[in-house]
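Architecture and fold: a report
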Amino acid sequence: MRSPTRPSPALRVALRAGAAGVVGAAFAVPLLRKRARIPAPVTIAACAAGPLAVAVLRPRTGRRDVVLFAMQMWAFIMVHELPYDRPERLRARLRSRYPIVVDRGIGLGRLPNVRLQRALAGMPRVALLNKALTWVHWLWFLEPYCALLYILIRHPRQFPRAARRLAAVFDAGCVVYFAVPTAPPWWASEQGLTDEKVRRIMVEVGEDFWGSAWPKMYSALGGNPWAAMPSLHFATSVIAADALADTGRVAGAVGWAYALTLGFALVYLGEHYVTDLAAGAALVVAAREGEELAEPLVLGVNRGLQRLERLANG
């Protein structure tokens, strides 16, 4: 029986050099896009190719899975900001009124944001509640990744599926941000579109807590202020809670407690409509139920990457 023919050293070097170049481009292109006036489709393609190139460079291990997810998140962060590179163009397509109409129906004639803010305004120590819920919101920047880290350490076999589902939710949400840019309630209120004031409590707390450092912090994390529908804050915390629940009751309870508290906070703080949260929950359902439909495509891509990986690594 003949042994498989090993790829030539020149082919291995060429494949590895090409894959390394693609990884480098995945970082360089989005960072240079404004200065070099790189078209958005080129930036998207460069970012999307980065994780695929990592899969070619290194044989599959747990460490490579982590690097792949990190590259995926880098791609999401860069791509979701792209529409706001030209805010005047994005503003022309911005949708503001449909979530107001839907949420007024949910709130029986008044926005749930306003109902919550007015109902709790007279509560003793409401300032403490505002700070607590704002920190729940801020901790979202860590929570989904902490959930994945817990799964990686305690249940490593479940990590690839959990990371894949979380990435799918981020990516699907990004597609909607491009297709249907939607303003959040605080912004619509500032423009006089809600006919009732929706406070942005997070900013009030941030200015008080961080002082002069707040403007720079907010600018760094703001990204795309019109990326509101669906709420990826809520969607990713829900998919993380679902993944934690698959590992055990205690972890699941912690994950769901955070997700539900965050959902309440997002509406109360004026960051999202209830409609945004409902769309985020629907996105989670689609990510879970859509796995089977996407499986043939995913398996086909994996087979191609595995062939390239074997060639690149001999």
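Everything discussed here concerns the structure shown above.
Residues numbered from 1 in each chain as written. Predicted model: local features only at pLDDT ≥ 70, side-chain atom pairs only at ≥ 80, totals over all residues. Heavy atoms only, no water.

Together, W135, L139, F141, L142, F209, W210 and L221 make up an exposed nonpolar region whose accessible area comes to about 660 Å². Among the residues examined, F209 registers a relative accessible area of 44% and is labelled partly exposed. (Patch = residues over 30% accessible without salt bridge, like charges linked within 9 Å, V, L, I, M, F, W, Y side chains within 5 Å. Areas by Shrake-Rupley, 256 points an atom, 1.4 Å probe, with all protein chains shown as cover. Salt bridge = Lys/Arg side-chain N within 4 Å of Asp/Glu carboxyl O. Buried < 20%, exposed > 50% of the residue type's maximum accessible area, 1.4 Å probe, protein only.)

Before going further, it helps to spend a moment on the pattern of salt bridges. One pass over the structure, following the stated rule, counts 13 salt bridges. Among the ionic pairs, R60 bridges to D65, the shortest N-O distance being 3.3 Å.

The next point concerns the side chain of R64. In this fold, R64 is placed in helix α3 (residues 62-81). Within the buried core, R64 has no salt-bridge partner, and the shortest N-O distance to an opposite charge, that of D65, equals 4.7 Å. Excluding anything up to four places from it in sequence, R64 contacts V54, A55, R58, P59 and E309. (Helix = DSSP H or I, 4+ residues; strand = E, 2+ residues; numbered from the N terminus. Lys, Arg positive; Asp, Glu negative; His and termini not counted. Contact = heavy atoms within 4.5 Å.)

On to helix α5 (residues 98-106). Taken residue by residue, α5 has P99, I100 and D103 as its buried positions. What you see down the axis of α5 is that its buried residues fit within an arc of 100°, all on one side. Where the residues of α5 are buried, they touch α6 (112-121), α10 (185-190) and α15 (274-289). Trailing α5 by a residue or two, L108 shows a phi angle of about 55°, which is positive. (Arc of directions from axis to C-beta.)

Right, let's get into the environment of S219. Structurally, S219 is set in helix α12 (residues 214-222). Taking C-alpha positions, S219 is 40 Å from L299, a pair spaced 80 residues apart along the chain.

Purely geometric numbers; function is a separate question.
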